[in-house]
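What follows is the residue order along each chain.
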Amino acid sequence: MWCSLPTASSQLSCTAPCCGAENTETASILTPGTIISMILVRKLPDGRELWGRIVETEAYLGGEDEASHSKGGKQTQRNAAMFMKPGTLYVYQIYGIHFCMNVSSQGEGAAVLLRSLEPLRGLDAMRELRNASRKGPTKPLKDWQLCNGPSKLCQALGIDKAFDQRDLTQDAAIWMVPGHDLPGEQDVVATTRIGIGNTGEWAQKPLRFYLRGNKFVSVVDKKTEREMAAMGQISCS
């Protein structure tokens, strides 16, 4: 299920050549829940590595999902990556300016949008890349502002359309490794997705997932967190 959370036996191991991992099947278990707390690694052309912990995602379920680019099972040149094997990057442009990065997942035309990262390594390089995308005089970016949004994290990692259809299990410039701390169900909030417009009942489905209490999340749903606390799923903070 899309809301399933990671276990010790369901991690996506890095199989990029530079990592030396050998598991070639783990990409097939990608879901928005299991990907939370995974580490995304981006190696820049100059050799610097940028590391970020995935703390927020959104699920797009394929043909039945009215908010998905693959709704109705429609496959185009733009969304082809959504129909490729799990672990394939789907990168698209919005407003003709910004990029968003998804990872194809289980299910025909299904994908996981990466919404926010917690920067772990290479923050200076991330800041350089973000500043290069900003116009005019700007205030210095705080650490929590580097990757707290789908387009921001693409800027911080230097991700553009050239990364579309790349395989996370094989690529030498971008890959994933397991995180050290796997969240429990009480640590992950499931709530509605952001910016999907008039998509009927799909706009209300809890298909956005984020790590509760993490300051790098783009948008916090306090109402859902209070409801979870009332049901005893999480402790009040």
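Look above for the structure.
Everything numeric here is computed off the predicted structure, so don't read it as measured data.

A. A look at helix α4 (residues 222-230). Along α4, the residues that are buried comprise Thr224, Glu225, Met228 and Ala229. Down the axis of α4, the sector holding all buried residues measures 140°, keeping them to one side. For α4, exposure combined with an orientation more than 90 degrees from the buried face picks out Lys223, Arg226 and Ala230. Where α4 begins, one side-chain oxygen reaches toward the backbone nitrogen of Lys223, 3.2 Å away; that side chain belongs to Asp221. Once α4 ends, the next one or two residues include Gly232, with phi positive near 80°.

B. Geometry of the nonpolar core. Among the nonpolar cores identified, the biggest contains 30 residues, and Leu40 and Met101 are the most heavily contacted of them. Elements that contribute at least two residues to this core include exactly β2 (49-60), β3 (89-94), β4 (98-104), β5 (111-121), α2 (123-132), α3 (150-157) and β6 (174-177). The element contributing the most residues to this core is α3, with four residues. Excluding residues within four positions of it along the chain, Met101 makes contact with Leu40, Leu89, Tyr90, Val91, Val112, Leu113, Leu114, Leu153, Cys154, Leu157, Ile159 and Ile174. Grouped together as the second largest cluster of nonpolar side chains are 14 residues, Ile36, Val189, Trp202 and Tyr210 included.

C. Up close: the side chain of Arg193. Along the chain, Arg193 falls in the loop between β7 (188-191) and β8 (208-211). Polar contacts involving the side chain of Arg193 include one to the side chain of Asp65, which spans 2.7 Å. At 3.3 Å, the side chain of Arg193 and the backbone oxygen of Trp202 are in polar contact. In this view, Arg193 contacts Glu58, Ala59, Tyr60, Asp65, Ala67, Trp202, Lys205, Leu207 and Arg208; residues no more than four positions away in its chain are not counted.

D. Focus on the pairing of β5. When you tally the buried positions in β5, you get nine out of eleven residues, the bulk of the element. Note that β2 and β5 share nine bridges and pair antiparallel. Paired with Ile54 across the strands is Leu117, a residue of β5. As paired elements, β4 and β5 share three bridges and run antiparallel to each other. Bridged to Val103 within β5 is Val112.

E. Inspection of the packing of α2 against α3 at higher detail. Closest axis-to-axis distance for the α2/α3 pair is 7 Å, and the angle between their directions is 110°. The angle between α2 and α3 places the two elements in the roughly perpendicular class. When you trace α2 past α3, the crossing you get is right-handed. Along the contact surface, α2 presents Met126, Leu129 and Arg130, while α3 presents Lys152, Gln155, Ala156 and Leu157.

F. Unusual backbone geometry, seen in detail. Even without being a glycine, Tyr95 presents a positive backbone phi close to 55°. Here Tyr95 lies in the loop between β3 and β4. A residue is classified by how much of its surface remains accessible, and Tyr95, at 74% relative accessible area, is exposed. Even without being a glycine, Gln165 presents a positive backbone phi close to 70°.

G. Representation of the packing of aromatic side chains within the structure. Evaluation of the coordinates by the stated rule reveals one aromatic pair. Pairing Tyr90 with Tyr92 gives two aromatic rings, centres 5.2 Å apart and planes at 40°, and the pair type is tilted. Among the residues examined, Tyr92 registers a relative accessible area of 11% and is labelled buried. Above the ring of Phe163, the side-chain terminus of Arg166 is found at 4.0 Å from the ring centroid. The ring of Trp202 carries Lys205 above its face, with NZ or CZ at 4.8 Å from the centroid.

H. Structural view of the pattern of salt bridges. On inspection of all chains with the given rule, the structure shows 14 salt bridges. Ionic pairing is found between Asp65 and Arg193, a salt bridge with its closest N-O pair at 2.7 Å. Of this pair, Asp65 sits in the loop between β2 and β3 while Arg193 sits in the loop between β7 and β8, and the two are 128 residues apart along the sequence. Across the pair, Arg193 and Asp65 agree in class, each one buried. Among the ionic pairs, Lys161 bridges to Asp164, the shortest N-O distance being 3.7 Å. Judged by its relative accessible area of 37%, Lys161 falls in the partly exposed class. In this structure, a network of salt bridges that share partners links the residues Glu56, Glu58, Arg115 and Arg208.

What counts as what
Residues numbered from 1 in each chain as written. Predicted model: local features only at pLDDT ≥ 70, side-chain atom pairs only at ≥ 80, totals over all residues. Heavy atoms only, no water. Buried < 20%, exposed > 50% of the residue type's maximum accessible area, 1.4 Å probe, protein only. Helix = DSSP H or I, 4+ residues; strand = E, 2+ residues; numbered from the N terminus. Arc of directions from axis to C-beta. Polar contact = N/O pair within 3.5 Å; in protein donor to acceptor, adjacent residues only side chain to side chain. Core = buried A, V, L, I, M, F, W, Y, C linked by side-chain atoms within 4.5 Å. Contact = heavy atoms within 4.5 Å. Pairing = 2+ DSSP bridges. Axes fitted to C-alpha atoms, helices over the stretch in contact; angles between N-to-C directions. Parallel < 35°, antiparallel > 145°, perpendicular 65-115°, else oblique. Left-handed = near helix turned anticlockwise from the far one by under 90°. Phe/Tyr/Trp six-rings, centres within 6.5 Å; stacked < 30°, edge-to-face > 60°. Lys NZ or Arg CZ within 6 Å of the ring centre and 35° of its normal. Salt bridge = Lys/Arg side-chain N within 4 Å of Asp/Glu carboxyl O.

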